[in-house]
Amino acid sequence: MNPFIQQMINLKINSLTKKELMALAHQHQMPINDEQASKVIKVIQSEPIDIANRQQLDRMIHRLQTEVDPYVSRLISQLLNQYGHLLNQI
């Protein structure tokens with residue numbers, strides 16, 4: 001993937017707000033409530049995310065599973081997988 005595109009995606013993920021996450025989940029028909037969205041944002045913002053680092057993404061999904069709940073972890077994983085073709089190009 002183009003390094004500029006990768007940097008833009010990283011910037012978007014790292015600056016994602018609760019409102020944007022809820023809108024994205026709604027857009028993909030994946031229900032998430034306000035409390036769950038807050039917890040997800042807290043995990044995402046706990047460290048700078050690099051989409052090229054698959055181990056980091058797996059660790060984030062695991063943290064979501066343990067710190068939020070397995071259902072939300074699956075939703076976030078599904079959202080990421082919908083864009084997996086972009087992640088695999090890195």
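Scroll up to find the structure.
This structure is a prediction, so every number in the text was calculated from the model and none was measured.

Turning our attention to the overall build of the protein chain. Helices and strands together make up the secondary structure of the protein chain, namely six helices and zero strands. The N-to-C order of helical and strand elements in the protein chain reads α-α-α-α-α-α. In terms of C-alpha radius of gyration, the protein chain reaches 12 Å, essentially the compact-globule figure of 12 Å for 90 residues. Across its three principal axes, the protein chain shows a C-alpha extent of roughly 35 × 25 × 20 Å.

Look at glutamine 29: it is not a glycine, yet its phi comes out positive at around 55°. Following the sequence through the fold, glutamine 29 ends up in the loop between helix H2 (18-27) and helix H3 (34-44).

For the rest of this paragraph, the subject is the nonpolar core. Judged by nonpolar contacts, the single largest core of 21 residues is most densely connected at Leu21, Ile32, Val40, Met60, Leu64 and Ile76. Secondary structure elements with two or more residues in this core: H2, H3, helix H4 (54-67) and helix H5 (70-82). Excluding residues that lie within four positions of it along the chain, methionine 60 makes contacts with Val43, Ile44, Ile49 and Leu80.

The next thing to look at is the packing of H4 against H5. Packed helices, taken two at a time, are described by their axes: the angle between them and the distance between them. Remark: H4 packs on H5, axes separated minimally by 6 Å, with the N-to-C direction vectors making an angle of 150°. With respect to their mutual orientation, H4 and H5 come out roughly antiparallel. Helix-helix and strand crossings are classified by hand; for H4 and H5 the assignment is right-handed. Contact residues: H4 offers Met60, Ile61, Leu64 and Gln65, while H5 offers Pro70, Ser73, Ile76, Ser77 and Leu80.

Turning our attention to a nonpolar patch on the surface. A surface patch of nonpolar side chains, amounting to about 410 Å² of accessible area, comprises Phe4, Ile5, Met8 and Leu11. Inspection of the secondary structure assignment puts methionine 8 in helix H1 (residues 3-14). Look at methionine 8 and you get partly exposed, because its relative accessible area is 43%.

The rules behind the values
- Residues numbered from 1 in each chain as written.
- Predicted model: local features only at pLDDT ≥ 70, side-chain atom pairs only at ≥ 80, totals over all residues.
- Heavy atoms only, no water.
- Helix = DSSP H or I, 4+ residues; strand = E, 2+ residues; numbered from the N terminus.
- Rg over C-alpha atoms; globule rule 2.2 N^0.38 Å.
- Core = buried A, V, L, I, M, F, W, Y, C linked by side-chain atoms within 4.5 Å.
- Buried < 20%, exposed > 50% of the residue type's maximum accessible area, 1.4 Å probe, protein only.
- Contact = heavy atoms within 4.5 Å.
- Axes fitted to C-alpha atoms, helices over the stretch in contact; angles between N-to-C directions.
- Parallel < 35°, antiparallel > 145°, perpendicular 65-115°, else oblique.
- Left-handed = near helix turned anticlockwise from the far one by under 90°.
- Patch = residues over 30% accessible without salt bridge, like charges linked within 9 Å, V, L, I, M, F, W, Y side chains within 5 Å.
- Areas by Shrake-Rupley, 256 points an atom, 1.4 Å probe, with all protein chains shown as cover.
- Salt bridge = Lys/Arg side-chain N within 4 Å of Asp/Glu carboxyl O.

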